[in-house]
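If you want the building blocks of each chain, they are given just below.
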Amino acid sequence: MRVLVTDPIADAGLDRLRTAGHTVDTAYDAEGSDLLAAVADANALIVRSGTEVTEAVFEAAPDLVIVGRAGIGVDNIDIDAATDHGVIVANAPEGNVRAAAEHTVAMTFAAARSIPQAHGRLRDGEWAKSDYLGTELNGKTLGIVGLGRVGQEVARRLGSLGMELAAYDPYIGQERADQLGAELVEFEACLDRADFLTVHTPLTPETEGLISTDELDSMAGGYLINCARGGVVDETALATAVENGTLAGAAVDVFADEPVSPDNPLLAVDDVVVTPHLGASTEAAQEHVATSIADQVVAAFENDPVANALNAPSIDESAFPRIEPYIGLAETAGKVAAQMFAGRTSTVRVRYEGDIADEDVEFVTASALKGVFEPLEWQVNAVNAPKIAEERGIEVTEEKTRQSDDFQSLITVTVGDGTDDIVVGATLFAGGDPRIVRIDGYRVDARPSGQMLVVRNYDRPGVLGLIGTVLGDSEVNIAGMFNGRETIGGEAMTVYNLDDPVPNDAVETIRADERIIDVTDITLSDGAGAGRSDD
Ligand code: NAD
Ligand code: MLT
């Protein structure tokens, strides 16, 4: 088989591929038509962050089996296009975590003690001893935005240096934070309290521009460290905040566009320490990610399971036709439950009733988790969802019973935080027609698709009219509706299928009515998140 490597990786990885009998060609920094020509007859492509693996690459490479990312971030790979072309995408998420955490610590010290600036001046012959009065880390508060793999390692290291830890990560369980000695706080509190704020989220539509002028103003007098992804912090806002003294300093390893342009504003501010995306650049980390990705390429060629596949299902082929219809159903139930749940998810329970309970449902449960995490997470699929749950300290339970009172098969996904939860039940009607049939205590009959609005209200006259009018005024067309209630005059639930998204102000208007208990707008297409609002 032919493996094309277009970003430099450690020799150990190349050697492993050659030892396994494969041909390895390198075309470092190839782009545009050169890349398309080079990949044309490749069976595997190995990249880091430098190569943009677009739809065109998959079109140009009909024999491609796998794209391996020697590192974590896959923002440079079009995973949907890979899936469409039947190409596995795999990464090496563990190998450089320690290196990234250590670089973050180094950057924190560099900013706190102005090490690069003092170094530069001394090299220029200046003994600028009195110009630099550093900040001790001991006793200061470290705000951590994103307490995943790297964030946790940073917490361990800087916590052991005497820093107080305040973390914001809506998807991490309290127990995991407790183990690290970190206090889980809201985003604003994290900004307010941080003497040093370090960012460790992926770059997603939700985190893009997460930290800009207002957030930097909240951190007045502090330092910002970004060794995650450039787009998470607004570069112009950061340069301005350090330049005008709002922040004491910053340290940045990653940029929105890399290699960074010489006129990037961050390069012009003296109190901003910069490095050229060096977080993972240690010998050990590079060797680790290179051998990890080489092993996965070899496994893919041999049709063995690929350890960190981001888009490849691994299911027993003979059972697949029986469970296939339930994969999408479980994912949908998970998505609806996650979007309706307002708390910090710490438990997910997936219950199977009826015929489906006879099957091996591991992949179906993984699909339910994918549904739960997708509105919240980055690069989740049914393959990596169980691992994501484990890493986040989320307890996942699976229950089965052959008995089902009302349906041939019923899947119920319950998302909770230990005290509160949301229960969503789904089934397939004749012809494989998916339906949401339970939401919390309510029996409903709702077709899950596109945009939905779930309204819980007191059963009083005029509520349906109110909602219809508000949606109509917002030019939102109602495609279908199901209304159910507990008792006359008690509580009721209405589920709407809509042709268009509901504008926020329309949700607010509905919510403001005293007959409304809560409103949730749900998006089922594109994996996008949605808001919940309670009275
Ligand atoms: P991870 O997936 O293990 O952790 C990311 C965490 O961010 C998760 O816990 C997630 O719940 C949280 N998160 C997601 N959205 C959030 C939001 N809106 N607010 C707060 N938290 C949110 O990822 P990781 O392996 O720890 O990597 C973290 C980042 O570091 C990634 O962007 C990765 O690409 C980057 N990275 C950079 C280098 C480098 O060379 N500089 C090296 C390794 C990783
Ligand atoms: C990663 O995503 O793994 C890092 O950004 C490191 C890198 O590949 O340079």
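About the criteria used
- Each chain carries its own residue numbering, running from 1 in the direction its sequence is written.
- Whichever chain is written first is A, and whichever ligand is written first is 1; the rest continue in order.
- Local features are withheld for residues below a pLDDT of 70 in this predicted model, meaning they are given only at 70 or higher, and side-chain atom pairs are given and counted only at 80 or more; totals for whole chains, interfaces and linings count all residues.
- To get the side-chain values, take all heavy atoms of the structure and skip hydrogens and water.
- Strands are runs of DSSP state E lasting at least two residues, helices are runs of H or I lasting at least four, and both sets are numbered from the N terminus onward.
- What a helix should span is 1.5 Å times the count of its residues minus one.
- Only protein chains enter the accessibility calculation, which uses a 1.4 Å probe; a residue is then buried when its area is under 20% of its type maximum, exposed when over 50%, and partly exposed in between.
- Definition of nearness: a residue and a molecule or strand are near each other if at least one heavy atom of the residue lies within 4 Å of the molecule or strand.
- What qualifies as a polar contact is a pair of N or O atoms within 3.5 Å, subject to a donor-acceptor requirement within protein and to the restriction that residues adjacent in sequence count only when both atoms come from side chains.
- Working definition of accessibility: Shrake-Rupley area with a 1.4 Å probe, residue cover restricted to the visible protein chains.
- Classification convention: Asp, Glu, Lys, Arg as charged; Ala, Val, Leu, Ile, Met, Phe, Trp, Tyr, Cys, Pro as nonpolar; all other residues, Gly among them, as polar.
- Pairing between strands is defined by DSSP: at least two bridges between them are needed.
- Here an angle of 0 to 180 degrees is reported between the N-to-C directions of two axes, which are lines fitted to C-alpha atoms, with helices fitted over the stretch in contact.
- Bear in mind that the domain bounds are from an automatic or database domain assignment.
- Throughout, disulfides are identified as pairs of cysteine sulfur atoms within 2.5 Å of each other.
- Contact definition: two residues touch when any of their heavy atoms are within 4.5 Å.

Asker: Quick one: what's the story with helix 12 (residues 283-301), residue by residue and with numbers?
Answerer: The first and last C-alpha atoms of helix 12 sit 27 Å apart over 19 residues, in line with the 27 Å expected at 1.5 Å per residue. In terms of burial, helix 12 is largely enclosed, as 14 of its 19 residues are buried.

Asker: I'd like to hear about the site of ligand 1, residue by residue, with values.
Answerer: Around ligand 1, the structure places 28 residues, and the nearest of them are Arg149, Val150, Asp169, Thr201 and Asp253. The contact in question runs from an oxygen atom of ligand 1 to an N or O atom on the backbone of Gly279, over 3.4 Å. Against a free-state accessible area of 870 Å², the protein chains account for coverage of 98% of ligand 1. Partitioning the shell around ligand 1 into residue classes produces 13 nonpolar, eight polar and seven charged.

Asker: Go over the sheet that holds strand 2 (residues 23-26) with me, naming the residues and quoting the values.
Answerer: Either a parallel or an antiparallel arrangement is found when strands of a sheet pair, and the pairing is made through backbone hydrogen bonds. Across the sheet, five strands lie side by side as 2-1-3-4-5; this open sheet has parallel pairing. At either end of the open sheet lies a strand with only one pairing partner, and these are strand 2 and strand 5 (88-91). Averaged over all pairs of adjacent strands, the angle between their axes in this sheet comes to 20°, without regard to strand direction. Where strand 4 (residues 66-69) lies against strand 5, four bridges are found, and the strand directions are parallel.

Asker: I'd like a rundown of the domain arrangement of the protein chain, residues and numbers included.
Answerer: Interfaces are often sized by the accessible area lost when the parts come together. Split into domains, the protein chain comes out as domain 1 (2-94 + 284-301), domain 2 (97-274), domain 3 (313-438) and domain 4 (441-528). On a C-alpha basis, the centroid separation for the pair domain 2 and domain 4 is 42 Å.

Asker: Go over the state of the cysteines, please, and point to the residues and values.
Answerer: Counting across every chain of the model gives zero disulfides. Of the cysteine sulfurs around Cys190, a residue in no disulfide, the closest is that of Cys227, at 16 Å. Its relative accessible area of 12% is what places Cys227 among the buried residues.

Asker: Now, about the sheet that holds strand 14 (residues 395-401): what can you tell me, with residues and values included?
Answerer: Strand order in the open sheet made by the six strands is 14-13-15-16-17-18, with mixed pairing throughout. Only two strands of the sheet have a single partner each, and these edge strands are strand 14 and strand 18 (442-446). Within the sheet, the average angular offset between the axes of one strand and its neighbour, ignoring direction, is 20°. In this sheet, strand 15 (residues 409-416) lies alongside strand 13 (residues 347-354) in antiparallel orientation, the contact comprising eight bridges. Bridge pairing in strand 15 links Arg351 to Thr412. Its contacts with the sheet place helix 14 (residues 362-373) against strand 13, strand 14 and strand 15, and it is angled at close to 135° to strand 13.

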